[in-house]
Amino acid sequence: QVQLVESGGGLVQPGGSLRLSCAASGSISSIRTMGWYRQVSGNQREQVATFISGGTTNYADSVKGRFSISMDNAKNTVYLQMNSLKPEDTAVYYCNAVAKIGPWSPYRSYWGEGTLVTVSS
């Protein structure tokens, strides 16, 4: 199994910054992607940013130019630097990893428990 542990959420004023971290652990053989999704109560979970093995990154249009995703492959840890935060960024942020636990196992999607980000004055 793969465990994902998130950290870095909290309360920040509009215009402020936060940095989320997500560390993957377990019997990981390979990671295809790691990324962040967010969900507001009552809404669907939406993709925020994804780091694809090899270095390609994808961002939701709503966060382009403000958020930046990076990954430390040696630590199996992904980071989300969030700048110029807006009240509409308030949500529970979930870490996701698509990984496999052995050379013969399929890639599976794993989720963290989520960390709350609140942007408010």
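Owing to the predicted nature of the structure, the values given are computational and were not obtained by experimental measurement.

**Student:** Hey, could you run me through the state of the cysteines in this one?
**Tutor:** The bond known as a disulfide is covalent and runs between the sulfur atoms of two cysteines. All chains considered together, the criterion is met by 1 disulfide. There is a disulfide in this structure between C22 and C95, and the S-S distance comes to 2.0 Å. Here C22 and C95 share a disulfide; its torsion about the S-S bond, -85 degrees, makes the bridge left-handed. Of the two residues, C22 sits in strand β3 (residues 18–26) while C95 sits in strand β9 (residues 91–100), which places them 73 residues apart along the sequence. Accessibility classification places C22 together with C95 in one group, the buried group.

**Student:** Even after reading the chapter, I still don't get the side chain of S21, so can you show me in this structure?
**Tutor:** Mapped onto the fold, S21 is located in strand β3. Aside from chain neighbours lying at most four places away, what touches S21 is V5, E6, S7, W36, V78 and Y79.

What counts and what doesn't
- Residues numbered from 1 in each chain as written.
- Predicted model: local features only at pLDDT ≥ 70, side-chain atom pairs only at ≥ 80, totals over all residues.
- Heavy atoms only, no water.
- Disulfide = S-S within 2.5 Å.
- Helix = DSSP H or I, 4+ residues; strand = E, 2+ residues; numbered from the N terminus.
- Buried < 20%, exposed > 50% of the residue type's maximum accessible area, 1.4 Å probe, protein only.
- Contact = heavy atoms within 4.5 Å.

Geometric values such as these leave the question of function open.
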